[in-house]
Amino acid sequence: MDWPPPVRVVFATSRTALALIATLGFATCAVIATLPIEPAAIGLATIGVATWAIDRIYVVALRQGPRAVRELELRGDLTVIVVNGDGAPCAGRVRNQSYVGARVTTVVWRPFGRWRSRTILVFRDMLPAQDFRRLRVLLRYGRSDVTHGRPASQL
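Computed from a prediction, not measured in an experiment: that's the story for all the values here.

(A) Region of interest: the environment of Pro6. Inspection of the secondary structure assignment puts Pro6 in the segment before β1 (7–10). When the C-alpha positions of Pro6 and Leu74 are compared, they lie 5.5 Å apart, and in sequence the two are 68 residues distant.

(B) Structural detail: a nonpolar patch on the surface. A cluster of nonpolar side chains, Leu18, Tyr58 and Leu62, forms an exposed patch at the surface whose accessible area comes to about 240 Å². As for its placement among the helices and strands, Leu18 is situated in helix α1 (residues 15–33). Note on Leu18: relative accessible area 33%, which makes it partly exposed.

(C) Main features of the layout of surface pockets. The volume enclosed by the largest pocket comes to roughly 330 Å³. Taken together, 14 residues make up the lining of the largest pocket; nearest its centre are Val59, Arg67, Val69, Arg118 and Thr119. Listed by contribution, the elements that provide at least two residues to the lining of the largest pocket are α2 (39–61) and β7 (118–123). Take the lining of the largest pocket: its biggest share by element is four residues, from β7. For the lining of the largest pocket, the per-class residue count stands at eight nonpolar, two polar and four charged.

(D) Region of the structure containing the side chain of Thr79. Structurally, Thr79 can be placed in strand β3 (residues 79–84). Exposure remark for Thr79: the relative accessible area of 9% places this residue in the buried category. Looking at Thr79, its side chain comes within polar contact range of the side chain of Asp77, at 3.0 Å. A polar side-chain atom of Thr79 sits 3.1 Å from a polar atom in the side chain of Arg93. Discounting residues that sit within four places of it in the chain, Thr79 has contacts with Glu73, Leu74, Gly92, Arg93 and Phe112.

Rules used in this analysis
- Residues numbered from 1 in each chain as written.
- Predicted model: local features only at pLDDT ≥ 70, side-chain atom pairs only at ≥ 80, totals over all residues.
- Heavy atoms only, no water.
- Helix = DSSP H or I, 4+ residues; strand = E, 2+ residues; numbered from the N terminus.
- Patch = residues over 30% accessible without salt bridge, like charges linked within 9 Å, V, L, I, M, F, W, Y side chains within 5 Å.
- Areas by Shrake-Rupley, 256 points an atom, 1.4 Å probe, with all protein chains shown as cover.
- Salt bridge = Lys/Arg side-chain N within 4 Å of Asp/Glu carboxyl O.
- Buried < 20%, exposed > 50% of the residue type's maximum accessible area, 1.4 Å probe, protein only.
- 1 Å grid on protein atoms, 1.4 Å probe; cavity = no way out; pocket = protein on both sides within 12 Å on 5 of 7 lines; lining within 4 Å.
- Points joined across faces, edges and corners; volume = space filled by probe spheres on them.
- Nonpolar A, V, L, I, M, F, W, Y, C, P; charged D, E, K, R; others polar.
- Polar contact = N/O pair within 3.5 Å; in protein donor to acceptor, adjacent residues only side chain to side chain.
- Contact = heavy atoms within 4.5 Å.

Right, dumping it as structure tokens:
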């Protein structure tokens, strides 16, 4: 079976992710402020949520820092090579839990030799339209012989 050409994408910053993370952080802080607990606990919880929101904006929305995913290469057999902010590539296999949608896509993958899966959140404004479409098509219709077995046409 001939595999389709691999999809290699370089992620850009995302205004959508920035707005959603900031809104979520602000709304969570507003809910914490209404709780009937000690003011010191409210302040500590608010600082924790604000720290989380700033970290997620930095890593997910702005794609900065060593933990941020900068590049992704997806092959037809659902093998993925991810390049993080520190420049270190890491290869793995895409999992069935990945989601492909028109506005947002999540790539759930497990690095080879590791026990835990990782997730990459991809919004439509992170990639050019053609690259986003190619990534979604390959995620939806790619096959892994390890997971799915041989196609019925090759039996």
